[in-house]
Every structure is written in structure tokens, then in C-alpha cells.
Amino acid sequence: MSTFLGMPAIHAPRGVGGLRGDESFPKAAKAALGDTQLRANIGRATRTIREKRAAVVEEVPDWEELRLAGQQVKAATMARLDDHLRTLEEAVTRRGGVVHWARDANEANAIIADLILATGETEVVKVKSMVTQEIGLNEALEAQGITATETDLAELIVQLGHDKPSHILVPAIHRNRAEVREIFLREMPGVPPDLTDDPRQLAMAARAHLRQKFLTAKVAVSGANFAVADSGTLLVVESEGNGRMCLTLPETLITVMGIEKVVPTWQDLEVFLQLLPRSSTGERMNPYTSAWTGVTPGDGPQAFHLVLLDNGRTATLGDHVGREVLHCIKCSACMNVCPVYERTGGHAYGSVYPGPIGAVLTPQLTGIEDNSSLPFASSLCGACFDACPVRIDIPSLLVHLRERHTEEQAKEHRLPTPEAAALSLVGWVMQSPRRFRMAETALRMARPFARSGRFRSLPFPLSAWTTSRDAPAPPPETFREWWERTRDQ
Ligand code: SF4
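On a predicted model such as this, the values are computed, not experimentally measured, just so you know.

Cut-off values and rules
- Residues numbered from 1 in each chain as written.
- Predicted model: local features only at pLDDT ≥ 70, side-chain atom pairs only at ≥ 80, totals over all residues.
- Heavy atoms only, no water.
- Patch = residues over 30% accessible without salt bridge, like charges linked within 9 Å, V, L, I, M, F, W, Y side chains within 5 Å.
- Areas by Shrake-Rupley, 256 points an atom, 1.4 Å probe, with all protein chains shown as cover.
- Salt bridge = Lys/Arg side-chain N within 4 Å of Asp/Glu carboxyl O.
- Helix = DSSP H or I, 4+ residues; strand = E, 2+ residues; numbered from the N terminus.
- Phe/Tyr/Trp six-rings, centres within 6.5 Å; stacked < 30°, edge-to-face > 60°.
- Buried < 20%, exposed > 50% of the residue type's maximum accessible area, 1.4 Å probe, protein only.
- Core = buried A, V, L, I, M, F, W, Y, C linked by side-chain atoms within 4.5 Å.
- Contact = heavy atoms within 4.5 Å.
- Pairing = 2+ DSSP bridges.
- Axes fitted to C-alpha atoms, helices over the stretch in contact; angles between N-to-C directions.
- UniProt positions renumbered as here; feature names shortened; annotations may be inferred.
- Expected span 1.5 Å × (residues − 1).
- Polar contact = N/O pair within 3.5 Å; in protein donor to acceptor, adjacent residues only side chain to side chain.

On the surface, F479, W482 and W483 cluster together to form a nonpolar patch covering roughly 380 Å² of accessible area. Checked against the element boundaries, F479 lands in helix α22 (residues 479–486).

Written out as C-alpha cells, the structure is:
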């Protein structure tokens, strides 16, 4: 099976995977805002990671140069992504691995299920698998009678809780210790009944549960943080060491990764291995970095398969502005500083990729019409751009996607949407100084109706804005009036 980058550019298919929620962001966010426990859990966790990150970033004198280097390596890699992927395929094959190309989630799931069934096994262990959440692999395997066990602690909590991830680095960030204890007591066979919510006790219970799985599993499925094209090496960086168990003990290892994870050479990794741990967990270095290249007789898995997943990435690459999202190294720093994410949590985004990066990645993978509310799920404050270790300009991407959405809406609707009508009216007013001045005067007439400098509600259609926010009252004096009054002084 083969695919060709850019031909044709398809989006992630509907009906499979974790990129589409049941409702739009504003509706889901409204429900999340009423959940005080959720807000407390997320607020506490993001604050802690934020402070740790700020402290270790501060220690690096050339942090800005490193960020620039990361941005430039990524941009150069994306410009020749097809070449790098071909080099990777050749290197992996040369070292005894088998490369599979998957156009979308359905193809990837079918390839992986067939590979597992061919081994005669029906149980697999998994690690580092955001991309498998993206394609809905666990559900697809279950339909084929295969049971997959998550081995990352946070992903195990999500799996046992029959839940969805709400953060790309800490998928169970919305759960507190007491909730985790309840899940373990309910779902984990053999867990001691006197288990407390002490983090050490919880970790030991998970460890005993997983040890059994590691020792019996003959097949593992992993994601990858990076793939080095020139040597065909895959890398996973992690904190718990469970990844290392998955990557070395089973007889067959199947790695699935998005095509954007490739880096040309080992030297490029030098930049990202400095940027990633400080930005994600606030550590100077991640505790475990595992790298593997093809198959080594008598050492580690004796069969290695690499599934290269498109699932909307080629379509994203085709947008010369939007493609910047493919530079993401999934550190989650943007989520931890985002005021919107901190209040709504990750589930409101309806995708396994929440927060600022999810708001620009998800609509591009699925096509904007399927996630049209996400580019608007931001205050455009720019905190995400400042935090991003590879300088992805998320605010500009959000504005770009909003523009694309508005253009697509205009094509589909013979009558303009209220938003398009309002913006074209504003555009018409701003084209003429006289009209602009008249609009300012008219707006000021509404000032007496404001309370404490704000309007709590405005008449239709402006009520669409004030149902969820206040609107500031116009100033008593406009900038032009101030200019005319003061310029001769
Ligand atoms: S967009 Fe930047 S900050 Fe956010 S997850 Fe990706 S690399 Fe990290």
C-alpha cells in the first residue's frame, strides 16, 4: 500500500478516531465552566507545571536562539518532507524494519490490526500513543477481538476510567488523587482494598498491574516523538520508564507516527532534546530516552513495523500559512499557559488535541467545517506563542483559520452569515473618514446606557456577543477628538 504526499490531500475521515466532539466548543465549554472540581484540578495542575517550566527555561542563556533553531529546522524539514520520508523508509527497511504508509485512520487501524492478528496474539501493550487516540486504535482493535493496555500511567487512568484524554502530556490532568483511587479500586483487578490516595501507593498499584502485562505481552504498539531519517532511528522520550519496557520486552513492535515527526539528522535532535523536556514537564532532561533502529538479532523485538500516518497532514502541508502547525513537538506548554484551556479543560475542545495547539491542528486535520468553532476558542492573548519552544505563531494561525472559515461559509451560503454581514458593514464604515466619524458619534450616544463602563447586554444581533461577554462602553472622547484638541498644545 502506498501514498504520495500531496496527491490527493485528504482529511481525517468521519466516524473514526478522536478528532471530532459531539458538540461545538461554546456549548461544551459552557458545561465545563460549571464544573468547579474540574476547574480546580486543571488550575492546580497547570499552575504547577507552568512554574516549573518558567524556572528551568530561565536557566538557559540561549533559550531564544534554541527556539529560533527549532523553528528553522522544522520549517526546512517541512519544505522537503517527501524526501526525508523516503530517506527514512529506506533506512528503516535497510535495518530490517517494514514501513507501511497509511493515508488515514481507517487504513492505519486496519494495517495495525492485521499485523497483530498475524502474530496470533490478542493482547498488546501500548505506550506514547496520542496518535493512536487520534485514529481510535483501541476501539478498532477491540472490534477485532484485540485488547490493548495503556502503560503510560495517565493514559492508563483515562482507559480504566472509560474517559477521554484532556491534555496531550498529562491526559488525566482533569482527575485528582481521590478520583484516581476510586477508578483503581473499581477497575484494576487485584488492587489492595485498603489503597489510599497517596501518590506512591497509587503508583505502586499501577506498577504491579502493568508488570504482569509487560511480562506476558508479545506485541507492543508505540508512538514516537521523533524519527531520524538518515539512520532510520525512532525515539521516545518519557518520564516513567514504561516505554522502555514496551520497546524492549515484546517480540513484535509496531510504531505508528504522524509523518511530521521526522527530523533529517541526529544533529537536529540536539535542538529538540533541549527544548522538549524543559517545555513539557519542566525538567532539565527527561528521565528516559529510548532509541531503536530496525531489528537487532537476539536483542529486543525481532519484528519491527513502522506505520507512517497522514490523516490530514498532507492537506495541512498544502496551506502555506496553516502548515506551521506541523512544527509542533507536542510539549503542551501552550496549554499550560492558556487562560481559555485553564477554565474549560481539554474535553470542551472535542478532540484528543485540546488547547491552543488543538484549536489550530484539529480543524486542519478534519477540514475546518467539521471543527469550525475551534479557531474561535481563544482570547488571542499570545501567551501560547511566547511559550512555544518552536515559535509556532498560534494567534496568527487562529486568525488565518477564522478567515478561511468565513470564506468557506461565504461560498456555501447565498445569504451572508451574520458575522460576514457585520464585518462587511464595519469594512464599509472604515473605508470612509466621514462614515467612521458618524459611527463614532452614533456609538457615543449609547454611553448613558452603560453601567461601570460596560454594556451587560446589547440588542439583537449584537446580543450574540453579550450573551457570554460584556462589551466596553465607547470612550467619552475619541482618539481623533483627543488629537485635534491636543496637537497644537
Ligand atoms: S504548539 Fe508549541 S507549545 Fe504547543 S504543544 Fe506544540 S510545540 Fe508545544
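Now for the packing of aromatic side chains. Across all of its chains, the model carries seven aromatic pairs by this definition. On the basis of an interplanar angle of 50° and a centroid distance of 4.8 Å, the ring pair of F25 and Y349 is categorised as tilted. Of the two residues, F25 is situated in helix α1 (residues 25–33) and Y349 in the loop between α15 (339–344) and α16 (355–366); the sequence distance between them amounts to 324 residues. We note that F25, like Y349, is buried. Seen from their ring centres, W482 and W483 are 6.5 Å apart, and the 45° between their planes marks the pair as tilted. Using a relative accessible area of 38% as the deciding quantity, one classes W482 as partly exposed. The class for W483 is partly exposed, based on a relative accessible area of 44%. Chaining the aromatic ring pairs together yields one cluster made of F25, Y341 and Y349.

Next up on the list: the nonpolar core. Grouped together as the largest cluster of nonpolar side chains are 104 residues, with contacts concentrated most on L88, F184, F226, L306 and L308. Residue contributions to this core peak at six residues, all from helix α12 (residues 266–280). Apart from the residues lying within four places of it in its own chain, the contact partners of F226 are T233, L234, L235, K261, V263, L269, F272, L273, L276 and I329. Among the nonpolar cores identified, the runner-up in size contains 22 residues, and I116, L137, V219 and L309 belong to it.

What follows covers the sheet that holds strand β10 (residues 303–309). Read from one edge to the other, the open sheet built from six strands follows the order β1-β10-β7-β4-β2-β3, with strand pairing classed as parallel. What marks the edges here is a single partner per strand, and that holds for β1 (98–102) and β3 (147–150). Strand-to-strand twist across the sheet, computed as the mean angle between neighbouring axes with direction ignored, equals 25°. In terms of strand pairing, β1 meets β10 through five bridges, oriented parallel. Within the sheet, the bridge partner assigned to V98 lies in β10 and is H305. Along the sheet face, helix α4 (residues 81–94) touches β1, β7 (252–258) and β10 and points at about 145° away from the line of β1. Where helix α5 (residues 105–119) meets the sheet, its contacts fall on β1, β2 (123–127), β4 (219–222), β7 and β10, and the angle it forms with β1 comes to roughly 145°.

The UniProt record annotates "domain: LUD" (unreviewed entry) at residues 87–294. Its end C-alpha atoms 14 Å apart, residues 87–294 is made of 46% helix and 20% strand.

Moving on to helix α2 (residues 36–58). Spanning 23 residues, α2 covers 33 Å between terminal C-alpha atoms, matching the ideal 33 Å at 1.5 Å per step. When α2 is considered as a whole, its buried residues turn out to be L38, N41, I42, G43, T46, I49, R53, V56 and V57. Near the N-terminus of α2, the side chain that reaches the backbone nitrogen of Q37, with its oxygen 3.3 Å away, is that of D35.

The next point concerns the pattern of salt bridges. In the structure shown here, the tally under the stated rule is 23 salt bridges. D83 is the salt-bridge partner of R86, the closest N and O atoms lying 3.2 Å from each other. Placement of both R86 and D83 in helix α4 is noted, with a separation of three residues, approximately one turn of the helix. By relative accessible area, D83 is classed as partly exposed at 30%. With its nearest N and O atoms 2.6 Å apart, the salt bridge here joins R485 to E477.

Here four strands make up an open sheet; going across it, the order is β8-β5-β6-β9 and the pairing mixed. On the outer flanks of this sheet lie β8 (262–263) and β9 (288–293), each paired with one strand and no other. Where strand β5 (residues 226–228) and strand β6 (residues 233–238) come together, three bridges link them in antiparallel fashion. When the sheet's bridge partners are listed, A227 is paired in β6 with L234. Packing against the sheet, α12 makes contact with β5, β6, β8 and β9, and its axis sits at approximately 160° to β5.

Of note in the backbone geometry, L380 takes a positive phi value of approximately 55° without being a glycine. Despite not being glycine, R391 has its phi angle at roughly 55°, a positive value. Here R391 shows up in the loop between α17 (383–387) and α18 (394–412).

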